[in-house]
Amino acid sequence: MIFSLAIALHVLSAVLWVGGMFFAYQVLRPVAAGLLEPPERLRLWSAVFSRFFPWVWAFVVLLPATGYWLIFGLYGGMGGVGLSVHLMQGLGWLMILLYMHLFFAPFRRLKEAVVTEQWPEAAKRLNQIRQLVGINLALGLIVVAVATGGRLYAA
Ligand code: HEM
């Protein structure tokens with residue numbers, strides 16, 4: 001039925017967003033830091049984020065849209081869902097707000113600094129993005145654990 005589509009889109013968005021952050025933070029970051037000099041490394045990250053972030057915009061629209069679709073369409077409103085969904089909703093909005101801040105502040109400045117070859121400024125902005133992605137990755141892992149484990153915990 002139609003709610004199968006909602007939960008599938010919801011979980012696919014979560015998998016791709018959190019998985020993408022895990023790859024960037026845990027795999028690409030140490031390799032790029034070890035192999036590339038600052039100008040190339042900063043150009044790489046500006047290009048990598050420019051490709052990843054349009055996808056993240058889709059995920060941050062789909063996650064709450066499909067989440068509330070399930071809550072109001074299937075579970076009869078906020079009163080019909082358990083603590084794990086309340087936590088997911090709160091932490092999910094925190095993740096979305098952090099992403100929007102990251103996109104409109106440090107990422108925009110990183111791109112400008114890379115184009116104008118202001119490497120110390122670009123490095124400062126990349127460092128801010130690293131911290132924000134680290135926080136969002138940790139939150140994302142917690143949300144997935146709460147969403148999946150929490151549902152069975154209550155059962
Ligand atoms: C932003 C607002 C969000 C709302 C309103 C929301 C709401 C929901 C709802 C209603 C369900 C179905 C629960 C059930 O059927 O038992 C669900 C499942 C799930 N959500 Fe969210 N969610 C949100 C954000 C997120 C985020 C940011 C993530 C991960 C990064 C996430 C990951 C998951 C996962 C993995 C499931 C599947 C749980 C399972 O079936 O075991 N959600 N969500």
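Keep in mind that what you see is a predicted model, and the values were worked out from it rather than measured. (Residues numbered from 1 in each chain as written. Predicted model: local features only at pLDDT ≥ 70, side-chain atom pairs only at ≥ 80, totals over all residues. Heavy atoms only, no water.)

S.K.: Tell me what's going on with the nonpolar core, and back it up with residues and numbers.
M.R.: Counting residues in hydrophobic clusters, the biggest one holds 34 residues, and the most contacted among them are Trp 17, Phe 49, Phe 53 and Leu 110. Secondary-structure elements contributing two or more residues to this core are helix H1 (2-35), helix H2 (38-73), helix H3 (83-115) and helix H4 (119-154). Apart from the residues lying within four places of it in its own chain, the contact partners of Phe 49 are Pro 54, Phe 107, Leu 110, Leu 126 and Ile 129. (Core = buried A, V, L, I, M, F, W, Y, C linked by side-chain atoms within 4.5 Å. Buried < 20%, exposed > 50% of the residue type's maximum accessible area, 1.4 Å probe, protein only. Helix = DSSP H or I, 4+ residues; strand = E, 2+ residues; numbered from the N terminus. Contact = heavy atoms within 4.5 Å.)

S.K.: Tell me about the site of the ligand, residues and numbers included.
M.R.: Every one of the 20 residues lining the ligand counts as a neighbour, but His 10, Tyr 75, Met 88, Val 143 and Arg 151 are closest to it. At 2.8 Å from a nitrogen atom of the ligand is found a side-chain nitrogen or oxygen belonging to His 10. One nitrogen or oxygen atom from the side chain of Tyr 75 is found 2.4 Å from an oxygen atom belonging to the ligand. Only H1, H2, H3 and H4 provide two or more residues apiece to the shell around the ligand. Taken together, the residues of the shell around the ligand sort by class into 14 nonpolar, five polar and one charged. (Near = heavy atom within 4 Å. Polar contact = N/O pair within 3.5 Å; in protein donor to acceptor, adjacent residues only side chain to side chain. Nonpolar A, V, L, I, M, F, W, Y, C, P; charged D, E, K, R; others polar.)

S.K.: Explain the packing of H2 against H3 residue by residue, including any values.
M.R.: One way to put it is that H2 packs onto H3 with a least axis distance of 10 Å and a crossing angle of 155°. Considering their axes alone, H2 and H3 lie roughly antiparallel with respect to each other. The two elements H2 and H3 meet at a crossing, and its hand is left-handed. Considering only residue class, the contact of H2 with H3 consists of 20 nonpolar, three polar and two charged. (Axes fitted to C-alpha atoms, helices over the stretch in contact; angles between N-to-C directions. Parallel < 35°, antiparallel > 145°, perpendicular 65-115°, else oblique. Left-handed = near helix turned anticlockwise from the far one by under 90°.)

S.K.: Could you give an account of the side chain of Ser 84, with specific residues and numbers?
M.R.: Residue placement: Ser 84 occurs in helix H3. For Ser 84, a relative accessible area of 13% corresponds to the buried category. Excluding anything up to four places from it in sequence, Ser 84 contacts Val 146, Gly 150 and Arg 151.

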